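Architecture at a glance
Here is what each chain is made of, one letter per residue.
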Amino acid sequence: MESKLKDKAWTKEFEKPISAEFLKNPFKFDKKSLKLVYSIDTPPPYVNTPIHMGHAATYSLMDMFARFRRMIGFDVIFPLGLDRNGLPIEMAAEKKSGKKFNEVSREEFLKICEKVLEEASTESVDSFQKLAISFNSWKLGTGIGDLYHTDSADYRALTQETFIDLYNKGLIYEDERVNNYCPGCQTTLADAEVIYENKPTIFNDIIFKIKETGEEITIGTTRPELICTCRMVIFNPEDKRYQHLSGKTALTPIFEKEIQIKAHPMAEIEKGTGLAMMCSAGDLSDIRFFREMGIVPVIAISADGTMNSHAGFLEGLKVKEARKKIIETLKEKGLLVKQTQINHRTPVCERSKDEIEFIAMKEFYLKQTDFKDKMIQLADKVNFYAPESKQIYLDWVNSISIDWPISRRRYYATEVPVWWCECGEMILPPKGKYYRPWKEPSPVKKCPKCGSAKIKGDERVFDTWFDSSISPLYILKYSRDNEFFEKNSRCSLRPQGKEIIRTWLYYTLFKDYLLTGKPIFRDVWINYHILDDKGKKMSKSAGNVIDPQEIIKKFGAEPLRLWCAVEGNLDSTDFRCSEERIEGAGKTLTKLWNVSRFILMFPEPEGKVELTALDKWIINEINSIVNDARAKFEKYDFHNPITALKNFLWETLASHYLELVKGRAYNDNSKFSKEEQNAAVFTLTYCLEKMLKVFAPVIPMISYKIYNDFKGKNIHLEEFPKADKKYELEFTREELMGLNSLIWKTKKDAGKSLKAEVILLTMPEKFKSIEADLKEAHSVKEIKYGEIGVKI
RNA sequence: GGGCCUGUGGUCUAGCGGUAUGACGCCACCCUCACACGGUGGAGGUAAUGGGUUCGACUCCCAUCAGGCCCACCA
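Residues numbered from 1 in each chain as written. Chains lettered and ligands numbered in written order. Predicted model: local features only at pLDDT ≥ 70, side-chain atom pairs only at ≥ 80, totals over all residues. Heavy atoms only, no water.

In terms of nonpolar packing, the biggest core is built from 134 residues, with Met 53, Leu 560, Trp 563 and Met 691 touching the most fellow members. Beyond its immediate stretch of four places on either side in the chain, Trp 563 contacts Met 53, Ile 530, Phe 575, Arg 576, Cys 577, Ser 578, Arg 581, Ile 582 and Ala 585. Ala 379, Phe 384, Trp 404 and Phe 521 belong to the second largest nonpolar core, which has 53 residues in total. (Core = buried A, V, L, I, M, F, W, Y, C linked by side-chain atoms within 4.5 Å. Buried < 20%, exposed > 50% of the residue type's maximum accessible area, 1.4 Å probe, protein only. Contact = heavy atoms within 4.5 Å.)

See below:
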């Protein structure tokens, strides 16, 4: 008999033509369909580096979610987005041109960025295609489900529009903020560009006076030029030496400013003299401290890196000069007790290695501290998978103490859509267009306030998260197709990594709440990480990065996908990437192929079908798997159902049912009736069909091929199976499998072949209904009923 | 330094109050007509460590250790 599956085994070479076929017929989103919409806010990967193993795994899982939802009747929005904004692109451009972004004109620099983007690797897209990820489309466009770029005019226009809306709602304001500033590169830096080095620094012990008692105290500092910004002296609450100072007033040297002395755990007993002066020169932590204490910070360094009027006699000096000068002055006045050289962890510029200065600049802020309670409540309206991940979000929201700074001084990002009149009036353009104020004229010729025509465009851009946080709005056509958006938001699912909960997830929930008044996601699926085979995090510098293309080349995409499902639940645990285990997953594909090949050897049964108890048993088994899978897939758990299905395939179906039913299916000696033989074939194909459909979202290519040869139809357009009614049976799965195993073991222990005859099989009466199948399968001469026993 | 999460045979995983599930790998035997990418059998775990609650704990609580994620790095 010839099987409908001709090839002896499934090989990775079969994947190519199938994935090509998938590409020809993508699952386009059909706005006119009457189906319910299920939308996935996919995380746009960065284009400048090819996707790594983590992407391959998480997108494979997202694809399982998408394919499953389609099979249960949803129209799925599953777009591919490519992230092209921000620093990584600028870094690549700088590397390529050998020039820093402020060394060439803005226009020129953007051209280099665009060139970098043009040449950006298409390897990621190729990987997605090889993995058979079922995005709605691979073509760039502005329709629902189309491929989108985060730097497109369309996307950026929407980002700018949300700025205009939020500004008009009174939620955005401008304020002076301290920035990391590199004097070498002459630019502000993001925190991520700052590294720390141990550098020898002079630690100066300086005398402060106590106003009430005249006592002198000594405080150590590496930044004496900032004494003018000192607004508090603190000591550790446990520090016995200074308890008497609590509540007293200190006078700063030279400036004679009165400041409070307080106990605060931030002061360390062993560090310096145990007394610390708190200056508002520094970074966010200083700002936070001042806010906590209710003190207004004083900024003494201006944007050009020189001391301003707050610094008094130091005004106009550069920071280092100011430090020199004040040390001289302190020495003259006898206020400098001691100078020691210490190794100090100093923030330096990642590239030029210059010491970072902190200077104040005006930046836009989005109010968020007022919304903390709301954002905590909002989390209860979102389903977190796994639920434990919610805590990461809550912890972050609780720790927020300052508003969100949304403007940056870089080039390749969405421009802040603002113009400024010489009189200081801010001019907002109307919504709906993409604006580039640094090169475009203002939307109004004259300032509405003073009538002046001297209007300049703002040169700042947005923080990338200000862009990224509108992705669900963008893919659901917020403000572009209001009817559609109203009907189909909230977005069904946000899948993302655990490490960006405080950024991408929080900012999206927050900003989109401000804009729409609702939690934008229904479900949030948080994924953990793929580690290398030793359990270490993959990183370029460690050289342990596993390339998914290599894995696909070696084993194929299907084993990789199956491995993702079988390895564990990525929503609660990291995976170690082991080639051995991925290869092992491939064996299940072969097993599935061979079982299918066997089943598809028998012609479709004609005439009546009379199910035996054995058939009913295996039908119960597969149905309970179908039930379980339906329920758990909905909750993004593929691991447990697929593990169960895999076990069903290997053990229950292949080892037990198949072995027992073989004789009846062949029926060479006509020991069984035609109806019974039909039942065997019917049951086998029944199991195969359901099994393939449960596997289909996980391993779409092999299931597509088998189902096509089996039914001549596209399995991915079929409905996900439902369980049929359950049959009552006298024996359990364990009892049946135990009986088989006992017979096989008895033969083996006696050194006989498995085909050897059983002279007498004694078994409980509950197996009477499957007597004929047992007799045939185990070559039993005689059967008796009673205590179990095998005689050979 | 702070917060949160995790810790089950060599590797990975299930269950989550009654001494442990399955897979991969390993060893032995077997080419039985779908499959040697197979079959059968076997070795291998005092559940990170130490306490506590309980008649009883892998399962609950505390501490320690290790790993992960995020934040901070300041006199």
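Residues in close proximity to RNA strand B total 48 residues, the closest being Gly 220, Ala 276, His 344, Arg 502 and Tyr 666. Backbone atoms, meaning sugar and phosphate, make up 64% of the atoms of RNA strand B lying within 4 Å of the protein. Between RNA strand B and Thr 222 there is a distance of 2.5 Å, counted from a sugar or linking oxygen to a backbone nitrogen or oxygen. Between RNA strand B and the protein, one listed contact pairs a base nitrogen with a backbone N or O atom of Ala 654 at 3.4 Å. Broken down by element, the residue count for the surface near RNA strand B peaks at nine residues, all from helix α19 (residues 639–666). Split by residue class, the surface near RNA strand B holds 14 nonpolar, twelve polar and 22 charged. (Near = heavy atom within 4 Å. Polar contact = N/O pair within 3.5 Å; in protein donor to acceptor, adjacent residues only side chain to side chain. Helix = DSSP H or I, 4+ residues; strand = E, 2+ residues; numbered from the N terminus. Nonpolar A, V, L, I, M, F, W, Y, C, P; charged D, E, K, R; others polar.)

Our focus in this paragraph is helix α17 (residues 579–599). With 21 residues, α17 should reach 30 Å at 1.5 Å per residue; the first-to-last C-alpha distance of 31 Å fits that figure. In this structure, the buried side of α17 is in contact with α2 (53–71), α15 (548–555), α16 (557–567), α19, α20 (674–695) and α21 (700–711). (Expected span 1.5 Å × (residues − 1).)

Summarising the model, chain A shows a mean pLDDT of 88, and 98% of its residues fall at 70 or more. This prediction of the complex comes with two scores: 0.89 for pTM and 0.88 for ipTM. (pLDDT = per-residue confidence, 0-100.)

Bringing the packing of aromatic side chains into the picture now. In this description, a pair of aromatic rings is defined by centroid distance and the angle of the planes. Evaluated as defined, the whole model comprises 47 aromatic pairs. With a centroid separation of 6.0 Å and 50° between ring planes, the pair formed by Trp 10 and Trp 593 is classed as tilted. Taken together, the positions of Trp 10 in the segment before α1 (15–24) and Trp 593 in helix α17 put the pair 583 residues apart, joining distant regions of the chain. Assessed through its relative accessible area of 7%, Trp 10 is described here as buried. Classification of Trp 593 as buried rests on a relative accessible area of 1%. Between Phe 109 and Tyr 411, the aromatic rings sit 5.8 Å apart at their centres with planes inclined by 70°, giving edge-to-face as the arrangement. You can see Phe 109 sitting in helix α4 (residues 106–118) and its partner Tyr 411 sitting in the loop between β17 (407–408) and β18 (419–421), a full 302 residues away along the chain. For Phe 109, a relative accessible area of 0% gives the class buried. Over the aromatic face of Tyr 412 sits the side chain of Arg 156, whose NZ or CZ is 5.0 Å from the ring centroid. One cation-aromatic arrangement involves Arg 494 over Trp 504; the distance from NZ or CZ to the ring centre is 3.2 Å. (Phe/Tyr/Trp six-rings, centres within 6.5 Å; stacked < 30°, edge-to-face > 60°. Lys NZ or Arg CZ within 6 Å of the ring centre and 35° of its normal.)

Our next topic: unusual backbone geometry. Ala 386 follows Tyr 385 through a cis peptide bond whose omega is -5°. Mapped onto the elements, Ala 386 comes out in the loop between β15 (383–385) and α10 (390–399). Geometrically, the link from Ser 489 to Arg 490 is a cis peptide bond, its omega value of 10° lying close to zero. At Ile 254, a position not held by glycine, the phi torsion is positive, near 65°. Among the structural elements, Ile 254 can be located in the loop between β10 (249–251) and β11 (258–263). Its identity as a non-glycine residue notwithstanding, Asn 667 has a phi of 50°, on the positive side. Along the polypeptide, Asn 667 turns up in the loop between α19 and α20.

Pairing is antiparallel across the open sheet formed by four strands, whose spatial order is β6-β5-β14-β16. Looking at strand neighbours, the two that pair on one side only are β6 (187–189) and β16 (404–405), the edges of this open sheet. Both strand β14 (residues 357–366) and β16 contribute to a ladder of two bridges, which runs antiparallel. Paired with Leu 366 across the strands is Trp 404, a residue of β16. (Pairing = 2+ DSSP bridges.)

A few words now on the sheet that holds strand β20 (residues 455–457). Strand order in the open sheet formed by three strands is β19-β18-β20, and the pairing between neighbours is antiparallel. Where the open sheet ends on each side, the last strands, each with one partner, are β19 (426–427) and β20. Relative to β20, β18 runs antiparallel, the two sharing three bridges. Each residue of the ladder has a partner; that of Cys 421, found in β20, is Ile 455.

Our next topic: α4. For α4, with 13 residues, the first-to-last C-alpha span of 18 Å sits near the 18 Å given by 1.5 Å per residue. For α4, the elements touching its buried residues are α3 (87–97) and β21 (461–462).

On to the pairing of strand β23 (residues 521–527). Walk down a regular strand and you will see the side chains alternate between the two sheet faces. Where burial is concerned, most of β23 is hidden: six out of the seven residues are buried. Bridge count for β15 against β23 is three bridges, and the pairing is parallel. Each bridged residue has a counterpart across the sheet, and for Asn 383 the counterpart in β23 is Asp 523. Pairing geometry for strand β22 (residues 491–497) and β23, over six bridges, is parallel. Paired with Pro 495 across the two strands is Trp 525, which belongs to β23. For the segment spanning β22, helix α14 (residues 501–516) and β23, crossover handedness is right-handed. (Right-handed = clockwise from strand over helix to strand, strands pointing away.)

Here we take up the environment of Ser 33. Structurally, the position occupied by Ser 33 is in the loop between α1 and β1 (36–39). Sequence spacing of Ser 33 and Asp 75 is 42 residues, and the spatial spacing of their C-alpha atoms is 7.7 Å.

Let us look at the pairing of strand β2 (residues 74–77). By the bridge criterion, four bridges tie β1 to β2 in an arrangement that is parallel. Within the sheet, the bridge partner assigned to Leu 36 lies in β2 and is Phe 74. After leaving β1, the chain enters α2 and then returns to the sheet as β2, a path that is right-handed.

Turning next to the environment of Ile 202. By the element assignment, Ile 202 lies in strand β7 (residues 194–210). Taking the C-alpha atoms as reference points, Ile 202 and Ile 642, separated by 440 residues in sequence, lie 63 Å from one another. Ile 202 has contacts with Thr 221, Thr 222, Gln 339, Thr 340 and Gln 341, leaving out every residue within four places of it along the chain.

Here the focus is the pattern of salt bridges. Pairing between side chains of opposite charge can happen when their charged atoms approach one another. Evaluation of the coordinates by the stated rule reveals 40 salt bridges. The shortest N-O distance in the salt bridge between Arg 664 and Asp 773 comes to 2.8 Å. Here Arg 664 is found in helix α19, whereas its partner Asp 773 is found in helix α23 (residues 771–778), with 109 residues between them in sequence. For the pair formed by Arg 664 and Asp 773, the shared burial category is buried. Between Glu 734 and Arg 733 there is a salt bridge, and its shortest N-O distance comes to 3.6 Å. When its relative accessible area of 23% is taken as the criterion, Arg 733 is described as partly exposed. One salt-bridge network, held together by shared partners, links Glu 174, Glu 363, Arg 409, Asp 458 and Arg 460. (Salt bridge = Lys/Arg side-chain N within 4 Å of Asp/Glu carboxyl O.)

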